Amino acid sequence: MTICATEDTMAPAGPLAGRLTIAADGSYAARLARHDDAAGSWFPERWTLSGPEPYAVPLQGTQPEEPDSALLPLTDGRVLILRRVADRFAVSLLYPAGPGTGELLLGAVATPRLTLLPPAPGGTLAYALAPEADHTTLWRVHGGANGPERVTRIPGRCTGGAWLDRGGRLLALDRELNGRTKTVVVDLERGGETALLLQITEESNDRLLLADPDSGLLLLRSDAPGHDRLGWGVLGSSLPVRFPECLRPTGATLTPFAVQPGQMLAPESCAVAFRMTAASGTWLGVWRPSERQLRQYPAPKGWLPGTGLWTADGELLLPYATEAEPCGVARMGVPGVPGVPGEVVERVKAVGAVRAVEPVGAVEPVRPVEPVQLVEPVGPMGPMGPVRQAEPLRTAGQVEPTWAGAGRPMGPMGPHRSAGPEQRPAQPPVEHLEPLEAVEGPPSGEAAESGGGIVPDAGDADNRSTASAQPSATDAEPQHIPGHPQMCRPVPLQEAPLAARQTRWSVISGPVRISGGGCAAG
């Protein structure tokens, strides 16, 4: 949402009755409404726009208000009122207090003319301009320590007013000086320092009509093309100001009053709402810089001209007041593609939130392989390493295979039938050997599943005894068994290729020099 003062809002002395002003965050609005009595007196009225349905609360005091009293709603629900009293202006705050209205006097400004500026970002401060013959005084009428405070004094006659940032620091004003009107920017955090903001040519009159702090889009009016025309540019861009032909309709006057917010760094995608005025009446115009065409729509019945705000999803809110519904807001969804001219589009529903993808759970780390314990040789060393010699059995029996010197079984053994009683010769008491039934083929059952058991050797096919658990000693390593790993000679530190590694480190990790350069704005 963007609230800015247009040329009509800041016009010299004129009645402000019926004009609606919206707060900085769009939560409240205020205007002067008229009683239904015969006198038709005026009273302040506050609108609440942040609820499910808008409603109005009268803030009338003990006496009627003058039609030139100015109102400014704050985000806390109070309404600032500026009344002319003799040769000065009184500043007060109005708020609901039970069945009546509470009023807090802030102070007075002694000046022949005082005009409220648009609501400042944040919604808690209020500023006003006091133009005189050769200078203009900027006043902070609300938010100071002791009532109204003078901020700065600007040479020339200043009008207009638009905020350039969300922090309320930069204020743009149209200053008339030496017969020319240029837009200047006032830095409120540096004591009111001023600098030139908009100047197309030295001889042109350039006025800022609307500014969007999010995208930097600027809407302006200038006579640089030869006569007054509407143009647009981007704050801080080096590109020239453009004057679209579609913003110069025949027989109608365009006045921008709202721009779509939230379009960060995308000024060409911002939708701008215009009030179109002609002899036939008043209606709406919607334009985007990227579309390069002006779409026109009929205004809702009872629309308060020049008042409205955009939502971030592209919905235009237009306040209206009729006899049947004295406080209402028309919602107008304007699509991004061209529609039928003069047709009000139905409300556009916002896209639902997309469900976030659940994160994948943490993966358990792989456990390190346990180191193999080396065993000391027990028997004589053969080509296969240390193998314990086992004497052949005279009769069939069962032997539990073991690793030499370790005493660890190869795997679980399944039950087998014994061919006869066990006959075992006397052996040294190294370890107890349990009987094992003879088998004629590969192991089955639990032995097959676990990879354990004994596989008979092909050379013992005719031997009528159970195959030995240990392989037969051979003079050379068999082809199907991997050889014993050979020992590698350690490389001395002096022989390591230090020069190659140092060269590679210097090439990869050496400093990189980045040449300087610039970036063109826009």
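Structural data are supplied above this passage.
Residues numbered from 1 in each chain as written. Predicted model: local features only at pLDDT ≥ 70, side-chain atom pairs only at ≥ 80, totals over all residues. Heavy atoms only, no water.

### Regarding the sheet that holds strand β26 (residues 328–333)
Part 1 of the argument: Spatially, three strands are ordered β24-β25-β26 in an open sheet, and the strand pairing comes out antiparallel. One side of each edge strand has no neighbouring strand; the edge strands of this open sheet are β24 (309–310) and β26.
Part 2 of the argument: Note: β24 against strand β25 (residues 315–320), two bridges, orientation antiparallel. Pairing of L309 across the sheet is with L317, part of β25. (Pairing = 2+ DSSP bridges. Helix = DSSP H or I, 4+ residues; strand = E, 2+ residues; numbered from the N terminus.)

### Observations regarding the sheet that holds strand β5 (residues 70–73)
Part 1 of the argument: With respect to topology, four strands assemble into an open sheet ordered β5-β6-β7-β8, the strand pairing being antiparallel. What marks the edges here is a single partner per strand, and that holds for β5 and β8 (100–109). Sheet twist, expressed as the average angle between the axes of neighbouring strands with direction ignored, equals 25 degrees.
Part 2 of the argument: Note: strand β6 (residues 79–85) against strand β7 (residues 88–97), seven bridges, orientation antiparallel. Across the sheet, the residue bridging to V85 is R88, located in β7. (Axes fitted to C-alpha atoms, helices over the stretch in contact; angles between N-to-C directions.)

### A short note on the nonpolar core
Part 1 of the argument: The biggest cluster of nonpolar side chains holds 17 residues, and the ones touching the most others in it are L217, L219, L254, V272, F274 and W287.
Part 2 of the argument: Secondary structure elements with two or more residues in this core: β17 (206–211), β18 (217–222), β19 (229–234), β20 (253–259), β21 (272–278) and β22 (281–287).
Part 3 of the argument: Among the elements that make up this core, the one with the highest residue count is β21 (three residues).
Part 4 of the argument: With sequence-adjacent residues up to four places away left out, L217 is seen in contact with L210, A211, D212, W232, G233, V259, P267, C270, V272 and P289.
Part 5 of the argument: Of all hydrophobic cores here, the second largest spans 16 residues; its members include L80, L82, A128 and V141. (Core = buried A, V, L, I, M, F, W, Y, C linked by side-chain atoms within 4.5 Å. Buried < 20%, exposed > 50% of the residue type's maximum accessible area, 1.4 Å probe, protein only. Contact = heavy atoms within 4.5 Å.)

### A closer look at the packing of aromatic side chains
Part 1 of the argument: Scanning the entire structure with this criterion turns up four aromatic pairs.
Part 2 of the argument: For the pair W232 and W287, a centre-to-centre distance of 6.3 Å together with 65 degrees between the ring planes defines the contact as edge-to-face. Within this pair, whereas W232 is found in strand β19, its partner W287 is found in strand β22, the two being separated by 55 residues in sequence.
Part 3 of the argument: Both rings, one in F257 and one in W303, keep their centres 5.8 Å apart while their planes meet at 50 degrees; by these two values the pair is tilted. Placement of the pair is F257 in strand β20 and W303 in the loop between β23 (294–297) and β24, with a sequence separation of 46 residues. Residues F257 and W303 agree in their burial class; the two are buried.
Part 4 of the argument: Between the NZ or CZ atom of R242 and the centre of the ring of W232, over which it lies, the distance is 4.1 Å. (Phe/Tyr/Trp six-rings, centres within 6.5 Å; stacked < 30°, edge-to-face > 60°. Lys NZ or Arg CZ within 6 Å of the ring centre and 35° of its normal.)

### Brief notes about the pairing of strand β2 (residues 28–34)
Part 1 of the argument: Within β2, six of the seven residues are buried, which leaves it mostly tucked inside the rest of the structure.
Part 2 of the argument: Here strand β1 (residues 21–22) runs beside β2; their pairing, made up of two bridges, is antiparallel. By the bridge assignment, I22 is partnered in β2 with A29.
Part 3 of the argument: Taken together, β1 and the strand that follows it, β2, pair antiparallel across an intervening segment of five residues, in which G26 is found at a positive phi of about 75 degrees.
Part 4 of the argument: Strand direction decides the pairing type here: β2 and strand β3 (residues 42–48), joined by seven bridges, are antiparallel. Bridging across to β3, A33 finds its partner in F43.

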